[in-house]
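One letter stands for each residue in the lines below.
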Amino acid sequence: MVGIKDYESLYKNQWCPGCGNFGILEAMKDALVSLEILPEKLLIVSGIGQAAKTPHFLKCNMFHALHGRALPLATGAKLANHDLKILVNSGDGDCYGEGGNHFMHAIRRNVDLTLLVHNNKTYGLTKGQASPTSDFGMVTPMQPRGVISEPFNGLAVALALGAGFVARGFSGNREHLSRLIREGMQFKGFSLIDIMQPCVSFNRINTYNWYKKRAYDLFEEDYMPDDLENAMKLARQWGDRIPIGVLYRKEKQNFAKHIDVLNKGPLISQQYDPARLQAVLDA
Amino acid sequence: MSIDITVKIGGEAGQGIQTMGHMLALVCREAGLYLMAINDFESRIRGGHSFFQIRICDKPVQAPHHKVHLLVALNRETYDLHKGQLASGGRVIMDEIDGSGEGDLIALPFSELAKKAGGMIFANTVAAGACLALLGTPFELFKKVLSKQFGKKGADVLEKNYYAAELGYQVVKEVAFKWSFEWRADKPKGALMDGSKAIALGALAGDCRLAAFYPMSPATGIMTHLSLLSDRFPLIVEQVEDEIAAVNAIIGASFAGTRAMTSTSGGGFCLMTEGLGLAGITETPIVIVNAQRPGPATGLPTRTAQGDLHFVIRASQDEFPRFVFAPGMPDEAYEITSRAFHLSEKYQVPAIILIDQYLADSMYIAQKPYVAPERIERFIAQDDDMENPQQYKRFAVTSTGVSPRALPCAGKALVVISSDEHREDGHISEAIPDRIAMVDKRNAKVPFMIKEMNPPKEYYGESGTLLVGWGSTEGAVKEAVDRLRDEGSDIGCLNFVDLWPFPADAAVDALKKTKQFLMVEQNSTAQLGQLLREQTGFVHSGAILKYDGRPFYPNEIVDGVKKYVR
Ligand SMILES: Cc1ncc(C[n+]2csc(CCOP(=O)(O)OP(=O)(O)O)c2C)c(N)n1
Ligand code: SF4
Ligand SMILES: [Mg+2]
């Protein structure tokens, strides 16, 4: 049996009181406990940012890597040992800005891992500059005349690239988010959960209340996430009403399954064979 | 009689120069000869000018020769560009439609004969036939190589190639050639090897299991070789979206427990530098091959250089230990690559192998059999090795600086790693004692790493003048030394292979014996010379530097030395 206690970290939390990241952390623990994944059987890979600090505040195996580079690192780890259960914690800047190229290609590869994008629509750790997902016109100390680019829509991009599991969560709805994480982790293939996450220090627009008023639950609407066109419409729905839930789900062969050598088991467990090498050297 | 013949095949990209050159190399190998061949080409797929230059010897040979005995001109331009390099009595064979008349020129009806043999695709076999006939190669030997090359393609293809070869032989039957020599049937002396292939094999001998890369000349060949072998080994070769992904992917794989590598050239290495630092601070073993080409930026994509030495020993911000090696020959590249994997894992530091286009793309006869290691020594800690796995600390401070390295999800021990500065347990820390302890811990490895470094290789090391170089120039420098000694000079050389951490004591020992030393490097500022001054206090009294993107020819070094030594 796995309990919430198993996931308690002794390491002191560093987030601002009231930060939306707490809701995500709790939802993660909740999902991990209900999936009965032991901390020693979980690997979290993260980039750099407030979001990327998440694994420090859990008890698990973790690699808190470079800004933007969590996905290729996680991909490498998964290739080495495809039995690993991998969660990736990333921010909107980390994932869609610095790591944008990796984001696109991780989707193409369909590596079996779950990506949580803590989308606070700002650069939290560097103190409130605009991020790729900041709304047009958002004023920050760095963008005093307002953001003059359109926001990046990670969900729509993921759908366009053929992602098999595309969801939006809200850190203020822990149970709902926990369910998304659970389903994402059970999904065989790349799963993206973009999470609306209030940043109480730097984003005064997209607050808890702002989201609460707008979020509506696709589970409650009996939405069937099997149609790409519908999913795309929902991914683009932003404003008075914002859908949360699984927008799209369709399993296809994941990356490791395309690699014949992995049929013999994870790379790390296969044997070095001097005779096999010598045969090649002598050829 | 000693044999030392150079054949140059020149033409446009796309004319099959390499295929024909490879054919000649195989014939020479089959006859038990030694050879050394360079590939000179432009960064384009069609047109332009390329050549393949093969030096054939009855003794081991490790550098190209500047004189050409037989020039195979697949177009007129080749003749015009290279006729000045002909040795006395040297000849040129060229298709008669490209011109005729000059004394050294043998105009032959290549196209006509190729058509007779079955089409223009046989032109190379016709030309190779003519070329080998002039050199005095027994026809049976060529047939043997052709059957190995084309046997799989069916009897018809093979017969047509035999016929094309015979037409080539016949057409020069009456032509006298001064440099023709007697071919004694002997056993092959070793495998036909280029630097790229040797490194790929060395990676397998280092038990590399993930090779992630982004294509970039001249580093791509390594990955091509590995890809061809990947179905026979527990090995994944993955072309990723960019070099940043490549280095981070191999860090992830290594962290998870397999050995991993990437290969790139300077521009890609630039993109990897932050990842290199990540491997540094997280103490994750990785191997990066940097196949140098002239830069900066795109530079000369298909040319050779040694301009990245300073860059790779210091690349990435702040300080952390790393290994840097620069093998001189494919045989050594094989050994160094497998050793790089071993040492990188033993010390939990990144290892960089510095080669260049010249070594990557040149062909040699391997001078010893390549031996697969009996077993791979791993440096991994398991729960059983720990008193209390629940208390495991990935960055525990030890006297050697090396902490027991557990793998994620392999037991009860949790592996916690952060690219932020951290405590022993891996969690972020900004506390002063933690910062100091971690820097000291990482640096504590250096004295042990230095003990692993081999001294520079000496060749007539007791001489009054030493030529000092590193990596792939070894062959040309040694040959220059031989020639100068034959002329009576008191000269020798030193070749550095193990470059970082710098084996300063060994360098002092080697340099203090000589009156003066000259640097021989393929860069414009004598980077190793600067390093020697910094690390040993010894100052070179001159430098022979070449940075035009082309490899050193021994005669250039001989001429360079004569400017300093009378
Ligand atoms: C290469 C690099 N560039 C810049 C930074 C500085 N930096 C750290 S976090 C961050 C942005 C964080 O934003 P986001 O990913 O949205 O995470 P958040 O803090 O909002 O959770 C930046 C720019 C860095 N660490 N590395
Ligand atoms: S700055 Fe924003 S995102 Fe970061 S911890 Fe504070 S509230 Fe959370
Ligand atoms: Mg953010």
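Predicted model, so just to flag it, every value in this text is computed and none were measured. (Residues numbered from 1 in each chain as written. Chains lettered and ligands numbered in written order. Predicted model: local features only at pLDDT ≥ 70, side-chain atom pairs only at ≥ 80, totals over all residues. Heavy atoms only, no water.)

1. A closer look at the coordination of the magnesium ion (ligand 3)
The following threshold applies: Sodium, potassium and calcium take a 3.2 Å donor cutoff, other metals 2.8 Å, and in both cases only N, O and S atoms count; water is not among them, so sites may look incomplete.
On the protein side, the magnesium ion (ligand 3) has Asp92(A) (OD), Asn120(A) (OD1) and Thr122(A) (O) as donor atoms, found 2.0 to 2.2 Å from it. All donors of the magnesium ion (ligand 3) belong to a single chain; written as a sequence motif, their spacing is D-x27-N-x1-T.

2. Topic: the site of ligand 2
What counts, and what does not: We call a residue near a given molecule or strand whenever any one of its heavy atoms falls within 4 Å of it. All amino acids are sorted into three groups, where Ala, Val, Leu, Ile, Met, Phe, Trp, Tyr, Cys and Pro are nonpolar, Asp, Glu, Lys and Arg are charged, and the leftover types, Gly among them, are polar.
Around ligand 2, the surrounding shell consists of Trp15(A), Cys16(A), Cys19(A), Gln50(A), Asn120(A), Gln197(A), Cys199(A), Val200(A), Ser201(A) and Phe202(A). Across the shell around ligand 2, the residue classes tally to six nonpolar, four polar and no charged.

3. A short note on the site of ligand 1
Using the following cut-off: N or O atoms closer than or at 3.5 Å make up a polar contact, with two conditions inside protein: a donor-capable atom paired with an acceptor-capable one, and, for residues adjacent in sequence, both atoms drawn from side chains. Using the Shrake-Rupley algorithm and a 1.4 Å probe, accessible areas are obtained, with residue cover drawn only from the displayed protein chains. Only runs of H or I of at least four residues qualify as helices and only runs of E of at least two qualify as strands under DSSP, and these elements are numbered from the N terminus.
In the region of ligand 1, 17 residues are neighbours, and Gln50(A), Asp92(A), Gly93(A), Asp94(A) and Gly124(A) sit closest. Site remark: ligand 1 is flanked by residues from chains A and B. Residue Asp94(A) places a main-chain N or O atom 2.7 Å away from an oxygen atom belonging to ligand 1. One of the backbone N or O atoms of Thr122(A) is found 3.0 Å from an oxygen atom in ligand 1. Relative to its unbound accessible surface of 590 Å², ligand 1 loses 77% to contact with the protein. It is helix H3 (residues 92-98) of chain A that provides the largest number of residues to the shell around ligand 1, a total of four residues. For the shell around ligand 1, a count of residues per class yields four nonpolar, nine polar and four charged.

4. Comments concerning the domain arrangement of chain B
All names here are of chain B. Which entries qualify depends on this criterion: Where a domain begins and ends is set by an automatic assignment or by a domain database. Note on definitions: buried area is the accessible-area loss of two parts on being combined, 1.4 Å probe, summed for both. Whenever Lys or Arg places a side-chain nitrogen within 4 Å of a carboxyl oxygen from Asp or Glu, that contact is recorded as a salt bridge.
One can read the domain layout of chain B as domain 1 (4-172), domain 2 (193-366) and domain 3 (457-561). Summarising the inter-unit geometry, the C-alpha centres of domain 1 and domain 2 are found 34 Å apart. Regarding the contact of domain 1 and domain 2, the summed buried area is about 1,200 Å², with carbon and sulfur atoms giving 61% of it. Taken together, the connections running from domain 1 to domain 2 amount to one salt bridge. Note that Asp40 is salt-bridged to Arg303, the shortest N-O span being 2.7 Å. Linking domain 1 to domain 2 there are five residue pairs in polar contact (both at pLDDT 80 or more).

5. Notes on the interface of chain B and chain A
How we decide: Contacts are residue-level and defined by heavy atoms, with any inter-residue pair within 4.5 Å sufficient. A pair of strands is treated as paired once DSSP finds two or more bridges between them.
Taken together, the 57 residues of chain B in the interface contact 45 residues of chain A. Carbon and sulfur atoms make up 65% of the surface buried where chain B meets chain A, a total of about 4,400 Å² over both sides. Of all residues in chain B, the largest losses of buried area upon contact with chain A belong to Ile236(B), Glu241(B) and Cys409(B), amounting jointly to 15% of the total for that side. The tally of links from chain B across to chain A stands at three salt bridges. A salt bridge links Lys412(B) to Glu40(A), with the shortest nitrogen-to-oxygen separation between them at 2.9 Å. Those elements that provide at least two residues to the side of chain B that touches chain A are helix H7 (195-205), strand S8 (208-213), strand S9 (236-239), helix H9 (243-256), helix H10 (266-282) and strand S15 (416-418) of chain B. With nine residues, the top contributor of residues to the side of chain B that touches chain A is H9(B). When strand S2 (residues 61-64) of chain A meets S15(B), the two strands line up parallel, connected through three bridges. Looking at S15(B), one finds that Met62(A) is bridged to Val416(B).

6. What to know about unusual backbone geometry
Residue Pro218(B) is reached from Ser217(B) by a cis peptide bond, and omega for that bond is 0°. Residue position: Pro218(B) is located in the loop between S8 and helix H8 (220-229). Here the residue pair Trp500(B) and Pro501(B) is connected by a cis peptide bond, since its omega of 5° sits within 30 degrees of zero. With respect to the helices and strands, Pro501(B) occurs in the loop between strand S19 (498-500) and helix H16 (504-511). In this structure, Glu36(A) is a non-glycine residue whose phi angle is positive, near 55°. Among the structural elements, Glu36(A) can be located in the loop between helix H1 (21-34) and strand S1 (42-46). The phi angle at Asp222(A) is positive, at roughly 55°, despite the residue not being glycine. The residue Asp222(A) is located in the loop between strand S7 (215-217) and helix H8 (228-235) in this model.

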